[in-house]
Amino acid sequence: MVDVGKWPIFALCPQEDLKFIRKACVFGSGNEVLYITKNDEVFVMGTNSSGCLGTGDAQSIIEPRCLNVLSGKEIVSLSCGSGPHVVIVTEDGEVYSWGHNAYSQLGNGSTNQALIPSQVSTNLVNKKVVSVACGSHHSMVSTSDGEVYAWGYNNSGQVGSGSTANQPIPRRVTSCLQNKVVIAIACGQMSSMAIVDNGEVYAWGYNGNGQLGLGSSGNQPTPCRIAALQGIRVEQIVCGYAHTLALTDEGVMYAWGANSYGQLGTGNKSNQSYPVQVCVEKERIVEIAACHSSHTSAAKSQSGQVFMWGQCRGQAVISPHLTHFSCTDDVFACFSTPAIMWRLLSVEPDEHLTVAQSLKKEFDNPETSDLKFLVDEKYIHVHKVILQIRCEHFRSFLHDSNEDVIEMNQFSYPVFRAFLEYLYTDNISISPEDAIGLLELATLYREDRLKQLCQHTIKQGICEDNAVVLLSAAVKYDAQVQGNLFICCIETKTKLSSVSIHKSYGL
């Protein structure tokens, strides 16, 4: 469950009110927020730039104020521009907009600022809108029947009309999308993206940094298929300020566009006009995140690990960096400038568990297990089929075994438990001292990734106080383990002299 208190704007909100929040979106310069309570009331608070809070005036609000015009309407999608302007979609498929409107981004046919939410209906009558995406000053929605409508600023062709004239009302984006069913949309500052039901990606608008992925830097006034992704089925797409991330049905991530902050995750700062694959420690990715108001990127793996890269509080992180977060939303709360939300955030706990989460939950569960290991007079409950699927050693060891209890004397309880838990979670949580034994186990069972995790744990945990203890414990293991530990000692800048270590252990 996400803690909305990580976004500074919520410091203005009475703390007792936070527990009633069900959905929220922090936008603008991080100084405005809209949130929905458990009884479907809509509240706003903050600076109110360009009347973006929808309260009827442009006065700042330091205490939450209810938007009666929206209360009771189930908001399912929300997006904001840079003005800022706000566009929401309700569960009934209605669209409302308000705020900055100098470029007709509200879709009401005028360029007048709107201080209260009003419904956008032109060309959307009898259409059930399901999602919205906003660029800096243009807006785009998709419908339940797979159509896309866009309006607003169009200096680079971002509304997809074939011209560069601003579009004052919603107009269907056709051209190559005429007979396609669109399942997802996204907007950069001045670019637009759409995924169709066969996994193809179409792009249009500004392309000065290669953010359209077409292999060029020329603007595109109508949707154009990204040919470089031919044969690849894309399921998710998100846009940063001037870069794009795409996720395939196989959990592979691609990136292209601007890269001055390393936001592509390619290990350098060179722009890319073609999609390039981004590797994240051989992890299968299940979610990608970016926002058109920032140069920050994030991703979540199947095992629940969250990575970030790009602009991080003014610094450039050029490769995916593992965080301690459990969701991509926290990346934008803590690292993005400004501290906004990249989507309408659901604060309610998600009752649906992924496969990885389900496996983690079942580890050492006596109610569902069919095998117990007895280690140091303690039981560890596991599932034979999971062990056989995840570990070559157990695949052969348990093949003809009908035992329900197996006694293990070769390794200590903390070590063997950490190994079994790793098979369920892909992660380890163990002290540096016990990681030595786990490193020997990983070597014995030929678990190369586990060996790397053990070495990382030892390297991160070693210090002047425990280095000798760790090396002493390593003596009983093979020379390879000793060598790895010695390397860890040197790399951690410990005050121990390598000479004394050499003399003590003959390394």
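About the thresholds
Residues numbered from 1 in each chain as written. Predicted model: local features only at pLDDT ≥ 70, side-chain atom pairs only at ≥ 80, totals over all residues. Heavy atoms only, no water. Helix = DSSP H or I, 4+ residues; strand = E, 2+ residues; numbered from the N terminus. Contact = heavy atoms within 4.5 Å. Core = buried A, V, L, I, M, F, W, Y, C linked by side-chain atoms within 4.5 Å. Buried < 20%, exposed > 50% of the residue type's maximum accessible area, 1.4 Å probe, protein only. 1 Å grid on protein atoms, 1.4 Å probe; cavity = no way out; pocket = protein on both sides within 12 Å on 5 of 7 lines; lining within 4 Å. Points joined across faces, edges and corners; volume = space filled by probe spheres on them. Nonpolar A, V, L, I, M, F, W, Y, C, P; charged D, E, K, R; others polar. Polar contact = N/O pair within 3.5 Å; in protein donor to acceptor, adjacent residues only side chain to side chain. Pairing = 2+ DSSP bridges. Axes fitted to C-alpha atoms, helices over the stretch in contact; angles between N-to-C directions.

As named in an unreviewed UniProt entry, the chain is BTB domain-containing protein, taken from Engystomops pustulosus.

**Student:** I tried to follow the environment of methionine 253 on my own but got confused; where do I start?
**Tutor:** Mapping methionine 253 onto the fold places it in strand β19 (residues 253-257). For the pair methionine 253 and proline 275, spaced 22 residues apart in sequence, the C-alpha to C-alpha distance is 9.4 Å. Setting aside chain neighbours within four positions, we find methionine 253 in contact with Ala246, Leu247, Val276, Gln277, Val278, Val280, Ile288, Ala299 and Trp309.

**Student:** Would you explain the nonpolar core in this entry?
**Tutor:** Soluble globular proteins tend to bury their nonpolar side chains together. Ranked by internal contacts, the top residues of the largest apolar core, which has 38 residues, are Phe373, Leu387, Phe394, Phe416, Phe419 and Leu420. Those elements that place two or more of their residues in this core are β26 (371-375), β27 (378-382), α4 (384-390), α6 (413-425), α7 (432-444), α8 (448-461) and α9 (467-474). Per element, the largest residue contribution to this core is 9 residues, and it comes from α6. Ile285, Ile288, Ala290 and Ala298 belong to the second-largest nonpolar core, a separate cluster that totals 25 residues.

**Student:** Would you mind showing me how to read the layout of surface pockets here?
**Tutor:** A water-sized probe, rolled over the atoms, reveals where empty space remains. The space that makes up the second largest pocket amounts to roughly 830 Å³. Lining the second largest pocket are 41 residues, and of these Leu78, Ser79, Val132, Trp342 and Arg343 sit closest to its centre. Taken together, the elements giving at least two residues each to the lining of the second largest pocket come down to β1 (21-27), β5 (75-80), β9 (129-134), β13 (182-187) and β17 (234-239). Residue composition of the lining of the second largest pocket, grouped by class: 26 nonpolar, 12 polar and 3 charged.

**Student:** So what exactly am I meant to see when it comes to the environment of arginine 390 here?
**Tutor:** Topologically, arginine 390 is positioned in helix α4. Taking the relative accessible area as the measure of exposure, arginine 390 reaches 30% and is therefore partly exposed. Expressed as a C-alpha distance, the spacing of arginine 390 and leucine 420, which sit 30 residues apart in the sequence, is 9.9 Å. Not counting residues within four places of it along the chain, the set of residues in contact with arginine 390 comprises Tyr422, Leu423, Asp426 and Glu447. Looking at arginine 390, its side chain comes within polar contact range of the side chain of aspartate 426, at 2.7 Å.

**Student:** Any chance you could explain the sheet that holds β1 here in plain terms?
**Tutor:** Strand pairing in a sheet is mediated by backbone hydrogen bonds. Such pairs are either parallel or antiparallel. Taken in spatial order, the 5 strands of this open sheet run β4-β3-β2-β1-β25, and their pairing is antiparallel. Looking at strand neighbours, the two that pair on one side only are β4 (61-66) and β25 (345-346), the edges of this open sheet. When β1 meets β25, the two strands line up antiparallel, connected through 2 bridges. Within β25, the position partnered with alanine 24 by the bridge is leucine 345.

**Student:** Looking at this structure, I do not really get the environment of glutamate 377. What am I missing?
**Tutor:** Structurally, glutamate 377 can be placed in the loop between β26 and β27. When the C-alpha atoms of glutamate 377 and asparagine 409 are compared, they prove to be 9.9 Å apart, with 32 residues separating the residues in sequence.

**Student:** I tried to follow the sheet that holds strand β11 (residues 148-152) on my own but got confused; where do I start?
**Tutor:** Pairing in this open sheet of 4 strands is antiparallel, and the strands run β9-β10-β11-β12 from one edge to the other. The open sheet has two free edges, formed respectively by β9 and β12 (167-172), since each of these has just one partner strand. On average, each strand axis in the sheet is tilted by 15 degrees relative to the strand beside it, whichever way the strands run. Direction of pairing for β9 relative to strand β10 (residues 138-143): antiparallel, over a ladder of 5 bridges.

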